[in-house]
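Here is what each chain is made of, one letter per residue.
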Amino acid sequence: LNTCFRMPLRTMMLSSLRVVIILVLRLVCAAVAGSVPGPGDGLWRPIAPEAVGLDGPTLWKAANEVAADLPPRNCWAVIRGGFLVHEEYYGGAGPATKYEADSAAKTAIALVMGVAWTKGLFDLDTPLAVYGVKPLATFTDDPRSMQYWPLLTTRHVLAQASGVGQWPPGKNFTYSSGNGIQHLERLLAVVTGSEDTTLWATENFAKPMGVPGLFIADGPQLSAGGGQLVSCRCLARIGQLLLNKGAWKRADGEGFELVSERYIDMMTSPSIPSLTAGYGFLLWLGFPGPTAKNVYCRWGSTPGCGAIVEEPTNFYKLDRRMYLAPGWMGKLLIVFPDDDLVVVTLGNTAVGSARCDMRYGTSSSDDSYAFMVVFSRLRETLRLAARAQPLVVQGSSVADSNPEQPKQDLSLGPLAHGDASPTAPAALGAPADAAGAQGRGSCTCYCAPDQGFGSCFAAPLGATGDEDCKDFGAVAGPMCPLVGLVQECETYNLTALQLNRAAAHAGPGAGEVLDACSPASQDGSMECHLVRGCEGGKSPLGLETYSTACVCQTKWVACTYASSPCIAADPYTPLVPLPLGGLTHETSSGISRTDAGGWESAAVLTFGAFALVSLIVVSKVGRVVSPLSAERDGTDDLSAVAYAQF
């Protein structure tokens, strides 16, 4: 915590009052600091940014610029020296409001595996088959893939190089959010002797971390692909543990080793350098320098997307090391290890770049561009942090024990960043026994685009397929949160083949100039408002680029039928009780959630009002669905409010 004391004492030019304030803050910092930075299993301790070498107005400016750049944002938090130095919330959210983290939670799973490795339960380079782990569908769908199963190790899975049954493990970067990565959970079950891997992860990781409800919605099988429900403060704890190199502290303030420092060093270093320098253990890595090989994660099947691209030059001019845990729709956990800084921002924003254009379909997104937008707004904060000489600085990389392999193609093909959790929904609780729903099937309606949450309805009597559920789409759509669409304006030099693919995606009018609203307007499922066009301004990256932004309200979504009823305890797709008269044209015009967790008929928000709202205001007034329930667990991360639906 020497950050508190290593601030440059250039106070001669400051007012005497400010000198006194800074000295008092340093004394407070010393009084509350324990042997290990961070909240332990208790509350985050807030402190003035100036006490750790930062500047409050600069942080406030950065937060508001990011909210304007990437609307709509839900929350923003900055951690330095183990203290909460700044946070912002939007649209009625608060410190305990939780959102689906999608793949940003994969980093937490890597740390859970790190706890087990630290306890000596498995070896990273011993094949999973040796432990008795049975292959999942990824390796059993095609009999030819079974030749690769005896070769698969934990290191391969953590490095996203499992080969997913299609290639030899360790030879290709094969990103997985489904069965491929779920082998980690199967290993955990074998080496711990418990099929309730969620309980093991809760007792050995989540509770010591101060977030005992982190895996509460997973069911007995831990979802290794992510998708857990988190707050900004919750995700910040993951970043702090990385800064601490696995050290944490108990309620009495005593420090202990939660995850081995050696494991953290491996996790934050290139896991298989022969494949890529930009990925550790379920964690993206960035390096400075004009010749640094950085990895740019771009998802989807539209032109320029669908591949993990490693470029030999630093395209975005990153000038410091960073760790990145991105989640679908603009959710970012960013750690700057050399600056002792953690930044978290959660939102509901599809982001496209000049190299990964999402205007031809919102299933595409460029996480690397979203990160660099945030990074550009943090430059002044990072400059101050570097000048203040932080205490916690990561050490050198640990050599990878795998033998060198020839470099392979990193192309992934079409990807879905928000793959459904492999956990069986029935594990979340008993089927809902709502009036008129007992013994009936269900209609589940997921929010767009490609989200893992939505609503569940009791299917009509006699329902047998998706066609019987289609009327629920107009009810479920307006319940979904606002969707932001952001697209970099510069046109990338697409090849003729890519242009043909673009035209195929865009359909009629493909030759017209598209703005950020273009993908949402193709099927009429969203009503969108353009809040920023391409007609002026430079990119915050300092490049000859800038972005267009759009905010949309969902009008309808697709729904699927299942013979099983809705699950009452499912926070992702909760049961929506309908009026006794059933679904009618009048009652389908809008339903909103109450604070008590129930539902009531209400008028849908009139979206046309957004035409009169400025960009920054739009980003802050995103329609918020109230929490499903309230769970108390004694920490600031889950108290008062439990789950938000997005």
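## Considerations on empty space enclosed by the protein
The rolling of a water-molecule-sized probe over the atoms marks out the regions of remaining empty space. Evaluated as defined, the whole model comprises 7 cavities of 30 Å³ or more. Along the walls of the largest cavity sit 15 residues, with Val295, Tyr296, Met322, Ser368 and Phe371 positioned nearest its centre. Counting only elements with at least two residues in the lining of the largest cavity, the list comes to strand 7 (284-286), strand 8 (294-299), strand 10 (322-327) and helix 10 (367-377). Per element, the largest residue contribution to the lining of the largest cavity is 4 residues, and it comes from strand 8. Split into classes, the residues belonging to the lining of the largest cavity amount to 11 nonpolar, 4 polar and no charged.

## Quick look at the packing of aromatic side chains
This model, assessed by the stated rule, comprises 10 aromatic pairs. Judged by centre distance (4.7 Å) and plane angle (80°), the ring pair of Tyr279 and Trp284 falls under edge-to-face. Grouping residues by exposure puts Tyr279 and Trp284 together as buried. For the pair Phe371 and Phe375, a centre-to-centre distance of 5.9 Å together with 25° between the ring planes defines the contact as stacked. Placement of the pair is Phe371 and Phe375 together in helix 10, with a separation of 4 residues, close to one helical turn. Exposure remark for Phe375: the relative accessible area of 0% places this residue in the buried category. Cluster of aromatic residues (ring-pair linked, three or more members): Phe173, Tyr175, Tyr279 and Trp284.

## Overview of helix 11 (residues 379-387)
Every buried residue of helix 11 is listed here: Thr381, Leu382, Leu384 and Ala385. Along helix 11, the residues classed as buried sweep out an arc of 160° about the axis, all on the same side. Next to the buried residues of helix 11 lie helix 2 (56-69), strand 1 (73-80), strand 11 (331-336), strand 12 (341-347) and helix 10.

## Details of the state of the cysteines
Here the structure, examined in full by the defined rule, presents 6 disulfides. Across a sulfur-sulfur distance of 2.0 Å, Cys447 and Cys480 are joined as a disulfide pair. Disulfide Cys447 to Cys480: torsion about the S-S bond roughly -90°, handedness left-handed. You can see Cys447 sitting in the loop between strand 15 (442-446) and strand 16 (454-458) and its partner Cys480 sitting in the loop between helix 12 (473-476) and strand 17 (483-488), a full 33 residues away along the chain. Looking at Cys447, the relative accessible area reads 5%, which means it is buried. Assessed through its relative accessible area of 1%, Cys480 is described here as buried. With no disulfide partner, Cys234 has as its closest neighbouring cysteine sulfur the one in Cys232, 9.9 Å distant. Given the relative accessible area of 4%, Cys234 is considered buried. Free of any disulfide, Cys297 has its nearest neighbouring cysteine sulfur in Cys356, separated by 9.8 Å.

## What about the packing of helix 2 against helix 10?
Taken N-terminus to C-terminus, the directions of helix 2 and helix 10 make an angle of 150°; their axes are 9 Å apart at the nearest point. Classified by the angle their axes make, helix 2 and helix 10 are roughly antiparallel. As helix 2 runs across helix 10, the sense of the crossing is right-handed. Residues Ala62, Glu65, Val66 and Asp69 of helix 2 form the contact with helix 10, whose participating residues are Val373, Val374 and Arg377.

## Details of the environment of Ala354
Mapped onto the secondary structure, Ala354 falls in the loop between strand 13 (349-352) and strand 14 (365-366). With 133 residues separating them along the chain, Ala354 and Gln487 place their C-alpha atoms 7.7 Å apart.

## With respect to the sheet that holds strand 17
As summarised here, the arrangement of the 4 strands in space is 13-17-19-18, forming an open sheet in which the pairing is mixed. What marks the edges here is a single partner per strand, and that holds for strand 13 and strand 18 (526-532). The sheet shows a mean angle of 20° between the axes of neighbouring strands, taken without regard to direction. Where strand 18 lies against strand 19 (residues 547-554), 6 bridges are found, and the strand directions are antiparallel. Counted as the bridge partner of Met526 is Thr554 from strand 19.

## Notes on the pattern of salt bridges
Throughout the structure, instances matching the rule amount to 17 salt bridges. Residue Arg186 pairs with Glu195 through a salt bridge whose shortest N-O separation is 3.0 Å. The buried category is assigned to Arg186, whose relative accessible area is 16%. With its nearest N and O atoms 2.3 Å apart, the salt bridge here joins Glu380 to Arg383. Of this pair, Glu380 and Arg383 both sit in helix 11, 3 residues apart, which is roughly one turn of that helix. The class of Glu380 is partly exposed, set by a relative accessible area of 33%. According to the relative accessible area criterion, Arg383 is partly exposed, its value standing at 41%. Each of the salt bridges in this network shares a partner with another, and the network as a whole consists of Lys61, Glu65, Asp69 and Arg377.

## As for helix 8 (residues 232-243)
With 12 residues, helix 8 should reach 16 Å at 1.5 Å per residue; the first-to-last C-alpha distance of 17 Å fits that figure. For helix 8, the set of buried residues is Cys232, Arg233, Cys234, Leu235, Ala236, Arg237, Ile238, Gly239, Gln240, Leu241, Leu242 and Leu243. Of the residues one or two after helix 8, Lys245 is the one with positive phi, at around 55°.

## Remarks on the sheet that holds strand 15
The antiparallel open sheet is built from 3 strands, whose spatial order is 16-15-20. Both outer strands of the open sheet, strand 16 and strand 20 (559-562), are each paired with one neighbouring strand and no more. If you compare each strand with its neighbour and ignore which way they point, the axes differ by 25° on average. Where strand 15 and strand 20 come together, 4 bridges link them in antiparallel fashion. Bridge pairing in strand 20 places Thr444 opposite Thr560.

## Thoughts on the nonpolar core
By size, the foremost hydrophobic cluster in this structure holds 122 residues, and its most contacted members are Phe205, Tyr263 and Trp284. With 9 residues, helix 3 (residues 106-118) is the single largest residue contributor to this core. If near-sequence neighbours (up to four positions away) are discounted, Tyr263 is found in contact with Ala110, Met113, Gly114, Trp117, Leu124, Leu158 and Phe281. If you look at the next biggest cluster of nonpolar residues, it comprises 19 residues, including Ala217, Cys443, Cys445 and Phe457.

## A few points about the environment of Gly462
Within the secondary structure, Gly462 is located in the loop between strand 16 and helix 12. For the pair Gly462 and Gly441, spaced 21 residues apart in the sequence, the C-alpha separation amounts to 8.9 Å.

## Thoughts on the pairing of strand 19
Consecutive side chains along a regular strand alternate between the two faces of the sheet. Counting buried positions along strand 19 yields 8 of 8 residues, so the element is predominantly enclosed. On strand 19, burial covers both faces: Ser547, Ala549, Val551 and Gln553 on one face and Thr548, Cys550, Cys552 and Thr554 on the other are all buried. Two elements, strand 17 and strand 19, share 6 bridges in a ladder whose sense is antiparallel. Residue pairing across strands places Gln487 opposite Thr548, the latter belonging to strand 19.

Conventions used here
Residues numbered from 1 in each chain as written. Predicted model: local features only at pLDDT ≥ 70, side-chain atom pairs only at ≥ 80, totals over all residues. Heavy atoms only, no water. 1 Å grid on protein atoms, 1.4 Å probe; cavity = no way out; pocket = protein on both sides within 12 Å on 5 of 7 lines; lining within 4 Å. Points joined across faces, edges and corners; volume = space filled by probe spheres on them. Helix = DSSP H or I, 4+ residues; strand = E, 2+ residues; numbered from the N terminus. Nonpolar A, V, L, I, M, F, W, Y, C, P; charged D, E, K, R; others polar. Phe/Tyr/Trp six-rings, centres within 6.5 Å; stacked < 30°, edge-to-face > 60°. Buried < 20%, exposed > 50% of the residue type's maximum accessible area, 1.4 Å probe, protein only. Arc of directions from axis to C-beta. Contact = heavy atoms within 4.5 Å. Disulfide = S-S within 2.5 Å. Axes fitted to C-alpha atoms, helices over the stretch in contact; angles between N-to-C directions. Parallel < 35°, antiparallel > 145°, perpendicular 65-115°, else oblique. Left-handed = near helix turned anticlockwise from the far one by under 90°. Pairing = 2+ DSSP bridges. Salt bridge = Lys/Arg side-chain N within 4 Å of Asp/Glu carboxyl O. Expected span 1.5 Å × (residues − 1). Core = buried A, V, L, I, M, F, W, Y, C linked by side-chain atoms within 4.5 Å.

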